[in-house]
Amino acid sequence: MTDMRVTLAGVELKNPIVVASGTFGFGHEYAELFDLSELGGICVKGTTVSQRDGNPSPRIAETPSGILNAVGLQNPGVDAFCAEEVPFLRKFDTKIIANISGNTLEEYALLSEKVSAAGVDLIEVNISCPNVKAGGMAFGTDPRSAAAATDAVKRNAGKVPVMTKLSPNVTDITEIARAAESAGADALSLINTLLGMRIDVRTRRPIIRNNTGGLSGPAVLPVAVRMVWQVANAVKVPLLGMGGVASGADAAELMMAGASAVAVGTALFGDPYAAVRVRKELEEFCETNGVAAVRELTGAVRPW
Amino acid sequence: MNVYKCTLLSNTRLTESSHDLRVLAPEMKDARPGQFVHVKCEGFTLRRPISVCDFDGEILRLVVDRRGAGTDWLTSRAPMTVLDILGPLGRGFSADGNILVVGGGIGTPPLIYAAKSAASADAIVGFRTASAAMLLGDFSEVCGTVQIATDDGTLGAHGRVDTLLEKRLAEHKYDRVLACGPAPMLRACVRVCAGAGVPLEVSLEERMGCGVGACLVCAVKLKDGNGGTYMGRVCKDGPVFRAEEVCFDD
C-alpha cells in the first residue's frame, strides 16, 4: 500500500489528486457520479465579489488534443458561495480550495476575508484568468501586481494558507513566482490556460464569441511540466501542478517536475471519472515502481 | 445518468450528411423525450452531444449529423463497436396530451420520441431540400398528420415551417407545441405560438463541454420571471426550455 498523503502549504491532502477550478463547478454535478471524498481536494469555480454572467456563447472550441474556453468567470458571487456552496462541500471528506478573482486589490482583500471566514482549507488567488477584461490576467503578468494581489489576500486570510495561481502567458514565469512567494504565498499553482484562438474558415468568425480563449487539455501538458520544473527550481514553496493531466503517468510527470499535488481538469469532460482514475493509476504506478510514499515523486526528476 | 459501454447494433445512412445509429443501451432506462446523450469519439477531447431520437427500453436510436472529424468518426463505426456513452442527460420535453411537434433539419430526430410518448401528435417538419428530408416514415407512424416544407420547394410546401404552423394553429387546438431546429426557426415558432396563445417548448443547441452542468460553457440567457435575466446551462437546465424562459434577442 502506497502512502498517498501529501502536504500542500501545510494542508494535508489524503491523496495528491485535486480537481481544477472551473472544470468541476461546486461539485454538485459530479457528486451524482462518485463520492467527492475520493479526491484530495476540490478547487471550486472561481468566485468574485458580485455575481457575474460571464461571456456570451459559444464559450468553447475543440482543438488538437485540447480545448479553448472563455467562460468569463460566471459565478453567483462570493456571498452565495460562502452561504450555499461551502456547507455543501463540507459534507465530504476532502479539502476545499476556494478560487478568488478581484478587479482591484480591495476586492482581493474582501474576497480573502469572506472565504477564510467561511472556513475553506486553502485560498487559490486567481491572477491569471485570460477571459476577463479587468483584473484576471492583468494581475498575473506583472511581478509587482502579482505580489500586491498575493499580499492583499494573505493579509486578510487569517490562518488559511494562500496559493497564487500563475499564468503561463508571460515571458518568464519564475519572475512572477518569486514575486508571489516574497509577498507571502504559501504555495503556487500552475499553469492556468494558454491564450489561444480558433477561426471558422467558412464564416471567417472566431469560434469563440470572446474571439480568444484559454487553451487546456493534453496539448498543454509539456508546457505545464516545463513551467513547474522551472518554478520548482526558483522558489521554496510547494506547487500544485496542472495542465493536461489525463493519466496517472501524467500526474507522476508533473510531480517529478516539482509538484506536491496535481489537478485534473479538462480530462473530466471526456471522462467524468478522470480524477478518480488518475489517482488509482498514480497509486498503481507507485506500487509497480517501488515508491513507498507518493510524496517521494515530488522533484524526483533526474535532469541531464 | 452514468457512463455506459453500449454496443452499436446498426449504422445506416439517412441523408447525405446524417446517419441513423441503433445502440443496445438498456441502462438508459430513464431516458425521456428531449434528453440527450454525450458520446465519446476516439481521439477527441470533447464528447459529442446527440439527442435521443427514440428509445424502447433497450435500443437507443441516435441520428447523428456529420459536422466535423468527431461525428465523422462516430458515423463511420461498424456494428458491434462498443461506444462509450454518458447519459441520459438534461431536461426533456413535456411529451403528454395532444401536441404538435415542429422540427427543422437535424432538429427533427428528438421529436419522434416526443410524438410517440404523447397521447396524440401531429407534426410539421422542414428541410433545406428534398434530399435532406429524413424520418418522414417514422413521423407518419407516430403522428396523425405530417406536413412538410422545404426551402426550395422540392418536397411539400415551398417555404418555412412557421407559415404552416400559423395556419395549423388557427384551425386546430393543441395542448402544447414542441420545437427543435435552427435558431431562426425557433424564433419564428415563438412569435407564432405567442400570437396563437399556445404553450411552446423549445430544444436549444449550444457548444458543450462536460455535458453535466459543471463547466458552464453551454450558457443561455434566461428570464428569471421578475424582469431580470440569468445564465442557464443548456446541458443541465435544458436542452428543452419553456419558450417564455428564453431570451432570444442575442
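*Asks:* Hey, could you run me through helix α6 (residues 173–182) of chain A in this one?
*Replies:* Residue and element names in this part refer to chain A. Residues of α6 that are buried include every one of I173, T174, I176, A177, A179 and A180, and no others. Residues of α6 that are buried sit in contact with α4 (137–140), α5 (143–156), β9 (162–165), β10 (187–190) and α7 (221–232). Once α6 finishes, G184 follows within two positions and takes phi at roughly 110 degrees, a positive value.

*Asks:* Please clarify how the pattern of salt bridges should be interpreted in this entry.
*Replies:* Pairing is possible between side chains that carry opposite charge, provided their charged atoms lie close to one another. Inspection of every chain in the model, using the stated rule, returns 31 salt bridges over all chains. Note that D271 of chain A is salt-bridged to R277 of chain A, the shortest N-O span being 2.8 Å. Its salt-bridge partner being R47 of chain B, residue D84 of chain B comes within 2.7 Å of it at the nearest N-O pair. Here D84 of chain B, found in strand β6 (residues 82–89), pairs with R47 of chain B, found in the loop between β3 (36–39) and β4 (48–55); they are 37 residues apart in sequence, far enough to count as distant. Put simply, D20, R22, R61 and D138 of chain B are held in one network by salt bridges that share partners.

*Asks:* In this structure, what is going on with the nonpolar core? I would like to understand it.
*Replies:* Generally speaking, a soluble globular protein has its nonpolar side chains buried in company with each other. By size, the foremost hydrophobic cluster in this structure holds 140 residues, and its most contacted members are Y30 and L188 of chain A together with V102 of chain B. When near neighbours in sequence (up to four residues on either side) are disregarded, Y30 of chain A contacts T23, F24, L36, L268, F269 and P272 of chain A together with C210, V212 and A214 of chain B. Formed by 24 residues, the second largest nonpolar core is a distinct cluster that contains F93, I99, A123 and A132 of chain B.

*Asks:* Looking at this model, I keep getting lost on a nonpolar patch on the surface. Mind explaining?
*Replies:* Residues and elements named next belong to chain A. A surface patch of nonpolar side chains, amounting to about 320 Å² of accessible area, comprises M197, I199 and V201. Here M197 lies in strand β11 (residues 194–197). With a relative accessible area of 47%, M197 lands in the partly exposed category.

*Asks:* Before we go on, may I ask you to explain the environment of L190 of chain A in this structure?
*Replies:* Tracing the backbone through its elements, the reader meets L190 of chain A in strand β10. Judged by relative accessible area, which is 0%, L190 of chain A ranks as buried.

*Asks:* What should I look at first to understand the packing of aromatic side chains in this one?
*Replies:* Geometrically, a pair of aromatic rings is defined through the distance of the ring centres and the angle of the planes. Residues and elements named next belong to chain A. Scanning the model with the defined rule gives 6 aromatic pairs over all chains in all. Where F88 meets F92, the ring centres are 5.4 Å apart and the plane angle is 70 degrees; that geometry is what we call edge-to-face. Of the two residues examined, F88 and F92, each falls in the buried class. Of the aromatic side chains, those joined through ring pairs into one cluster are F24, Y30, F34 and Y273.

*Asks:* Would you explain the interface of chain A and chain B in this entry?
*Replies:* It is common to give the size of an interface as the accessible area lost on bringing the parts into contact. Counting residues at the interface gives 29 residues for chain A and 27 residues for chain B. Where chain A abuts chain B, roughly 2,400 Å² becomes buried across the two surfaces, and 57% of that area is made up of carbon and sulfur atoms. Contact with chain B buries surface across chain A, with E29, E62 and F269 of chain A losing the most and accounting together for 26% of the total. Summed over the shared surface of chain A and chain B, the result is 11 residue pairs in polar contact (both at pLDDT 80 or more). If you list the elements that add at least two residues to the side of chain A that touches chain B, you get α1 (28–31), β5 (60–63), β6 (66–69) and α9 (267–270) of chain A.

*Asks:* Explain the sheet that holds β5 of chain A to me, please; I cannot follow it from the model alone.
*Replies:* Hydrogen bonds between backbone groups are what pair the strands of a sheet, and the pairing can be parallel or antiparallel. Residue and element names in this part refer to chain A. The strand order across the open sheet formed by 4 strands is β5-β6-β14-β11, and the pairing between neighbours is antiparallel. Looking at strand neighbours, the two that pair on one side only are β5 and β11, the edges of this open sheet. On average, adjacent strands in this sheet sit at an angle of 40 degrees to one another, irrespective of strand direction. In terms of strand pairing, β11 meets strand β14 (residues 212–216) through 4 bridges, oriented antiparallel. Looking at the pairing, G196 lines up with G213 of β14.

*Asks:* Can you help me understand the packing of α7 of chain A against helix α8 (residues 248–257) of chain A in this one?
*Replies:* All names here are of chain A. Direction vectors running N to C along α7 and α8 enclose 25 degrees, while the axes themselves pass 8 Å from each other. As summarised for this structure, α7 and α8 are arranged roughly parallel, according to the angle between their axes. Residues L221, A224, V225, V228, W229 and A232 of α7 form the contact with α8, whose own contacting residues are D250, E253, L254 and A257. Of the residues assigned to the contact of α7 with α8, the class counts are 8 nonpolar, no polar and 2 charged.

*Asks:* What am I meant to see in the domain arrangement of chain B here?
*Replies:* Residue and element names in this part refer to chain B. The domain boundaries assigned to chain B delineate domain 1 (2–89), domain 2 (93–203) and domain 3 (204–250). Look at where the C-alpha atoms of domain 2 and domain 3 centre, and you get two points 22 Å apart. Contact residues are listed per partner, giving 8 residues for domain 2 and 11 residues for domain 3. Buried surface at the junction of domain 2 and domain 3, summed over both partners, amounts to about 780 Å²; 66% is from carbon and sulfur atoms. Our count for the contact surface shared by domain 2 and domain 3 stands at 0 salt bridges. Inspection of the region where domain 2 meets domain 3 yields 3 residue pairs in polar contact (both at pLDDT 80 or more). With 4 residues, the top contributor of residues to the side of domain 2 that touches domain 3 is strand β12 (residues 200–203). Here the residues of the side of domain 2 that touches domain 3 are counted per class, giving 5 nonpolar, 1 polar and 2 charged.

*Asks:* Mind showing me how you'd approach α8 of chain A here?
*Replies:* Helical geometry: 3.6 residues make up each α-helical turn, so side chains three or four residues apart lie on a common side. All names here are of chain A. Taken across its 10 residues, α8 has 7 buried, putting it largely inside the fold. Every buried residue of α8 is listed here: G248, D250, A251, A252, L254, M255 and A257. Those residues of α8 that are buried are in contact with β1 (6–8), β3 (17–19), α7, β15 (239–242), β16 (261–264) and α10 (274–288). G258, located one to two residues past α8, shows a positive phi value of around 140 degrees.

*Asks:* Before we go on, may I ask you to explain the side chain of T48 of chain A in this structure?
*Replies:* All names here are of chain A. Note that T48 resides in the loop between β4 (41–43) and β5. Looking at T48, its side chain comes within polar contact range of the side chain of N75, at 2.8 Å. Those residues within four positions of T48 in sequence are excluded, and the remaining contacts are L73, N75, G77, V78, S101 and L111.

Rules used throughout
Throughout, residues of each chain are indexed from 1 in the direction in which the sequence is written. Chain letters and ligand numbers both follow the written order, the letters beginning at A and the numbers at 1. In keeping with the predicted nature of the model, local features appear solely for residues at pLDDT of at least 70, side-chain atom pairs appear and are counted solely at 80 or more, and the whole-chain, interface and lining totals rest on all residues. Calculated side-chain values reflect all of the structure's heavy atoms, with hydrogen atoms and water omitted. With a 1.4 Å probe rolled over the protein chains alone, any residue whose accessible area is under 20% of its type maximum counts as buried; one over 50% counts as exposed, and the rest are partly exposed. Under the DSSP-based scheme used, a helix requires at least four consecutive residues in state H or I and a strand at least two consecutive residues in state E, with every element numbered from the N terminus. We call two residues in contact whenever any of their non-hydrogen atoms come within 4.5 Å of each other. Salt bridges are defined by distance alone: a side-chain nitrogen of Lys or Arg within 4 Å of a carboxyl oxygen of Asp or Glu. Residues grouped as a nonpolar core are buried Ala, Val, Leu, Ile, Met, Phe, Trp, Tyr and Cys residues, joined through side-chain atoms within 4.5 Å. For patches, a residue must show more than 30% relative accessible area and have no salt bridge; joins then use 9 Å for like charges and 5 Å for nonpolar side chains, namely Val, Leu, Ile, Met, Phe, Trp and Tyr. All accessibility values rest on the Shrake-Rupley procedure with a 1.4 Å probe; residue burial counts only the protein chains present in the view. The criterion for an aromatic pair is that two Phe, Tyr or Trp rings (for Trp, the six-membered ring) have centres within 6.5 Å, with stacked assigned to planes under 30 degrees apart, edge-to-face to planes over 60 apart and tilted to the rest. When two parts are put together, the accessible area they lose, computed with a 1.4 Å probe and summed over both, is reported as buried area. Polar contacts, as used here, are pairs of N or O atoms within 3.5 Å; protein pairs need one atom able to donate a hydrogen and one able to accept it. Residues neighboring in sequence count only if both atoms are side-chain atoms. Here the rule is simple: two strands pair whenever DSSP picks up at least two bridges between them. For helices, the fitted axis covers only the stretch in contact; all axes are lines through C-alpha atoms, and the angles between them, taken along N-to-C directions, range from 0 to 180 degrees. Orientation is classified from the angle alone, with under 35 degrees giving roughly parallel, over 145 giving roughly antiparallel, 65 to 115 giving roughly perpendicular, and any other angle giving oblique. By the convention adopted, Pro, Cys, Tyr, Trp, Phe, Met, Ile, Leu, Val and Ala count as nonpolar, Lys, Arg, Asp and Glu as charged, and the other residues, Gly among them, as polar. By convention here, the domain bounds are inherited from an automatic or database domain assignment.

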